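# Coordinate analysis (summary)
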Amino acid sequence: MADSKSRYLVPFRDINVHASASHYAFTSPSSPLAQKLVVERPSGDLRLNDGALLGAKRVSSIAGILGIIKLKLDKYIIVITKAQTMGRLKGHMVYKVISTEFLPLRERPLHDPDEDTYLNLLKTLLKSGPMYFTYSFDITNSFQRQAQSNHRLPLWRRADDRFFWNKFILSDIIDFANGTVSGSGLRGGQQAGADHFILPVMFGMMQIVQTRIKATPITFALITRRSRHRAGTRYLTRGIDEQGHVANYNETEQITILNDDSRGIGGRAGGQDMQNSKVRGNEGFDTQVLSYVQTRGSIPVYWAEVNTLHYTPDLEIRGVETAVGAAKRHFDEQISLYGDNFLVNLVNQRGREDRVKKAYEQLVRILVSTPNEATQADYVTDERIHVVEASARDQQYDKLHYVYFDFHNETKGLKWYRAQILLDRLKQDLVKGQYFRGVAMPVDVELHGRLEIRNQQTAVVRTNCMDCLDRTNVIQTMLARWTLTRQLIDTGVLRPGESADDDKAFETLFRNIWADNADVVSRSYSGTGALKTDFTRTGERTKAGAAQDFNNSVTRYVKNNFGDGPRQDAFDLFLGAHLPSPSLTEASLVFRDRRPILIQAIPYVLAFSFSLVMVTSLTRTRPETTVWPLRVFALSWMAVGSWCAHFIWTHGMLYVNWPKLNTPRWAQEGYQDTMGSVLQDRVIGPFVSRHERGLSNARLGNLEEGKKRIQ
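The following paragraphs examine the structure supplied in this document. Note that the structure is a prediction, hence the values are computed from the model and not measured. (Residues numbered from 1 in each chain as written. Predicted model: local features only at pLDDT ≥ 70, side-chain atom pairs only at ≥ 80, totals over all residues. Heavy atoms only, no water.)

### Digging into the layout of surface pockets
In this model, the second largest pocket occupies a volume close to 740 Å³. Surrounding the second largest pocket, 31 residues form its lining, Arg 234, Glu 353, Arg 471, Leu 531 and Lys 532 being those nearest its centre. Those elements that place two or more of their residues in the lining of the second largest pocket are helix H7 (407-410), helix H9 (470-490) and helix H12 (543-562). Ranked by residue count, the leading element in the lining of the second largest pocket is H12, at five residues. (1 Å grid on protein atoms, 1.4 Å probe; cavity = no way out; pocket = protein on both sides within 12 Å on 5 of 7 lines; lining within 4 Å. Points joined across faces, edges and corners; volume = space filled by probe spheres on them. Helix = DSSP H or I, 4+ residues; strand = E, 2+ residues; numbered from the N terminus.)

### As for the pattern of salt bridges
With the rule as written, the count across this model stands at 38 salt bridges. A salt bridge links Arg 238 to Asp 467; the shortest N-O distance between them is 2.6 Å. Of this pair, Arg 238 sits in the loop between strand E11 (216-226) and strand E12 (250-258) while Asp 467 sits in the loop between strand E22 (459-464) and H9, placing them 229 residues apart in sequence. Pair check on accessibility: Arg 238 and Asp 467 agree, each one buried. Of the charged contacts, one joins Glu 669 and Arg 665 as a salt bridge, the two residues approaching to 3.1 Å between their closest N and O atoms. Here Glu 669 pairs with Arg 665, and both are found in helix H16 (residues 665-679), just four residues apart, close to one helical turn. Relative accessible area serves as the criterion here: at 44%, Arg 665 is assigned to the partly exposed category. The network of salt bridges with common partners includes Arg 145, Asp 160, Arg 162, Arg 225, Glu 251 and Glu 253. (Salt bridge = Lys/Arg side-chain N within 4 Å of Asp/Glu carboxyl O. Buried < 20%, exposed > 50% of the residue type's maximum accessible area, 1.4 Å probe, protein only.)

### Here's the deal with the packing of helix H8 (residues 420-433) against H9
Pairs of packed helices are described in terms of their axes, by the angle between the two and the distance that separates them. Direction vectors running N to C along H8 and H9 enclose 45°, while the axes themselves pass 11 Å from each other. By the angle class used here, H8 and H9 are oblique. Both H8 and H9 take part in a crossing whose hand is right-handed. Touching Gln 420, Leu 422, Leu 423, Leu 426, Lys 427, Leu 430 and Val 431 of H8 are Ile 475, Met 478, Leu 479, Trp 482 and Arg 486, all from H9. Residues that form the contact of H8 with H9 fall into these classes: nine nonpolar, one polar and two charged. (Axes fitted to C-alpha atoms, helices over the stretch in contact; angles between N-to-C directions. Parallel < 35°, antiparallel > 145°, perpendicular 65-115°, else oblique. Left-handed = near helix turned anticlockwise from the far one by under 90°. Contact = heavy atoms within 4.5 Å. Nonpolar A, V, L, I, M, F, W, Y, C, P; charged D, E, K, R; others polar.)

### Brief notes about the packing of aromatic side chains
According to the stated counting rule, one finds 22 aromatic pairs in the structure shown. Ring geometry for Tyr 76 and Phe 102: centres 6.4 Å apart, planes at 70°, overall edge-to-face. Taken together, the positions of Tyr 76 in strand E7 (residues 75-89) and Phe 102 in strand E8 (residues 92-104) put the pair 26 residues apart, joining distant regions of the chain. Centroid distance Trp 165 to Phe 571: 6.0 Å. Interplanar angle 70°. Geometry classified as edge-to-face. One end of the pair, Trp 165, is in the loop between helix H3 (155-158) and helix H4 (171-178); the other, Phe 571, is in helix H13 (residues 564-575), and 406 residues separate them in sequence. Across the pair, Phe 571 and Trp 165 agree in class, each one buried. Connected via pairs of aromatic rings, a cluster forms that spans Trp 165, Phe 203, Phe 571 and Phe 574. (Phe/Tyr/Trp six-rings, centres within 6.5 Å; stacked < 30°, edge-to-face > 60°.)

### Remarks on the sheet that holds strand E3 (residues 36-40)
On the basis of which strands lie adjacent, the open sheet formed by five strands has the order E4-E3-E2-E1-E5 and antiparallel pairing. The strands lining the two open edges of the sheet, one partner per strand, are strand E4 (46-49) and strand E5 (58-62). The average undirected angle you get between the axes of adjacent strands in this sheet is 25°. The sheet contact formed by E3 and E4 spans four bridges and is antiparallel. Paired with Leu 37 across the two strands is Leu 48, which belongs to E4. (Pairing = 2+ DSSP bridges.)

### Observations regarding the side chain of His 578
Here His 578 is to be found in the loop between H13 and helix H14 (597-618). Engagement of the side chain of His 578 in a polar contact is seen with the side chain of Tyr 118, the distance being 3.4 Å. (Polar contact = N/O pair within 3.5 Å; in protein donor to acceptor, adjacent residues only side chain to side chain.)

### A closer look at the nonpolar core
Inside soluble globular proteins, nonpolar side chains tend to come together where they are buried. Ranked by size, the top nonpolar core spans 43 residues in total, and within it Phe 220, Leu 346, Leu 422, Ile 475, Leu 479 and Phe 506 carry the most contacts. The element best represented in this core is H9, accounting for seven residues. Once you skip the residues sitting within four places of it in the chain, Ile 475 turns out to touch Leu 346, Phe 407, Ala 419, Leu 422 and Thr 463. (Core = buried A, V, L, I, M, F, W, Y, C linked by side-chain atoms within 4.5 Å.)

### Describing the environment of Arg 318
Within the fold, Arg 318 resides in the loop between strand E15 (314-317) and helix H5 (324-338). Residue Arg 318 is classed as partly exposed on the basis of its relative accessible area of 42%. With 16 residues separating them in the primary sequence, Arg 318 and Tyr 302 have C-alpha atoms 5.5 Å apart. Ignoring anything within four residues of it in the chain, the contact list for Arg 318 reads Tyr 302 and Arg 665.

### Overview of H8
For H8, built from 14 residues, the straight-helix expectation of 20 Å at 1.5 Å per residue is met to within 8% by its first-to-last C-alpha distance of 19 Å. Leu 426 marks where H8 bends most, by close to 50°. Among the residues of H8, those classed as buried are Ile 421, Leu 422, Leu 423, Leu 426, Leu 430 and Gly 433. (Expected span 1.5 Å × (residues − 1). Bend = angle between axes of the 7 residues up to and from the residue.)

### Overview of unusual backbone geometry
For the bond from Arg 41 to Pro 42, the omega torsion is 0°, close enough to zero to count as cis. Structurally, Pro 42 is set in the loop between E3 and E4. Positive phi values are uncommon outside glycine, yet Leu 309 reaches one of about 80°. Examined against the element boundaries, Leu 309 turns out to sit in the loop between strand E14 (303-306) and E15. At Thr 370, a position not held by glycine, the phi torsion is positive, near 40°. Counting through the fold element by element, Thr 370 comes out in the loop between helix H6 (353-367) and strand E17 (371-376).

Right, dumping it as structure tokens:
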């Protein structure tokens, strides 16, 4: 008989919050005998309670506890108040976070400009960020990793650290459950009762559909998991950090389930036993799970693109040798998790992007032993394909295979079908790298529906372009379609020679799901939907799609220069990259604009002068009225406006909306250099006092106060 403890490894799916002046208490109505989690007010101390609760003034129902976060003046418990069902994945219901609520620990909240800004940043992130969770299934891990994990552990202990997005704000409860030091002091021994209140949340994309291919019913799902490490926005997080984490790292898993029985449970209601959880194949066939994983991530060297208000940012790349240690840490993890890594690089081999391409290739040459290089040319370009890989396997990094594809030149002129050239180069490696295939075992209480592994994926394609967005999306979609066809042929759903895209209804569904994935990943990083999704959705590059791309490009320019600072602050705050200071002095206000007043005023002067010129131009005058004074007035303000516009354009770094919690080093240096040039300006320089310059430097010093905490 299975150990009864194994039935209590998943979070409660029904939680009531009991609020009183002295504490918040969390209970499960369907588990009246289970321990209650109590958070003391205002200290935030945690304890488990076995007895009755007294003094509760308000009782409300929630979907789960997202976490506890300490801001400048108070701690807040963030609870999930509304969740939307996304469908069942192998019998387990998946939910999307729709709305949240912040419960302050102080009974009478204190108000402060920074505190209010912190709260607004977090609420905006939670409202816009696509976050998902389940009560009984680990969506942070691929099916292959799940099949290899210890299902006797609580759900949160099995979660992939990279994709456990609320791990930092759950750290108080995790420390309490582990019996380690937390904000409320030393805890003696593990507190297993707290496990039910720890709900891992994933950030990314999730779509699950019931469909058919060639009359065969299947469950088709696409999951993209965004890493919480080095998370951020487009131009503010590039390349790699010292810990080996790269920007915009995402793992995408395409899942096909044959003979799916979705009558299993969708979570655990307190102490109830699992009901109807025995998996049966339809019509006597076993339930089979087919999974294929791809990754994307920024080029793993130290590089940055510095916003200056110009459409094309300034590119900075540090010496490749300085990034070798960080790159080794990155690929140590990638090889350990995925096996052979095929590093598909899609940047342009001409212009500014060529510098990043050469840096990547130099890095690979350093990492692999006895690098062997090969280049293919055609009538379009002299370097259609460039491969760098080890000539023999003498060490771990010889599992890295660099494959450059000149995407820009090969697909120029809407010739997107030529991306097939890259697929032809990778086919043999894709076959060798395999995909995951698991067969459902009989579901008992102890095993929780584990899969019997029949086939494992032993390699991964890691794709990148400059942003790891638009070009990357096209290639990942192409590789996923080819692999799906192979899977369906191997399982007998399709006959040799047939293809998944022969079924036009499914092909339309497939294209739209992958295009939706492209949009979600792009919005999280760049602030807009992806480019080139007309090709992903229809298989053709259209003029309407090009017009939409132009609109998205303009929107990206505006958001990346004027909106990404607060978004980056929100990521840093939620993920623990910045810990707010409790200082209450006005000088310590983090979000105060400390630029010189004259610098702040110039955009307003520009707007005012433009308005006056427009009013003057549109004003009708009588025939007897003398016109020249009006023209002189208009020309004078036009000159003022032109000077303001020129000043803003040439000193753009002063007007980019930088993050105020963890401003990048290169942004600080650029800001100081730009302020130095302002003092040399013949017009405004004499009016910018040394005292004001000191204030702007103090602002930058304040931006560096955020302490780093990587968990």
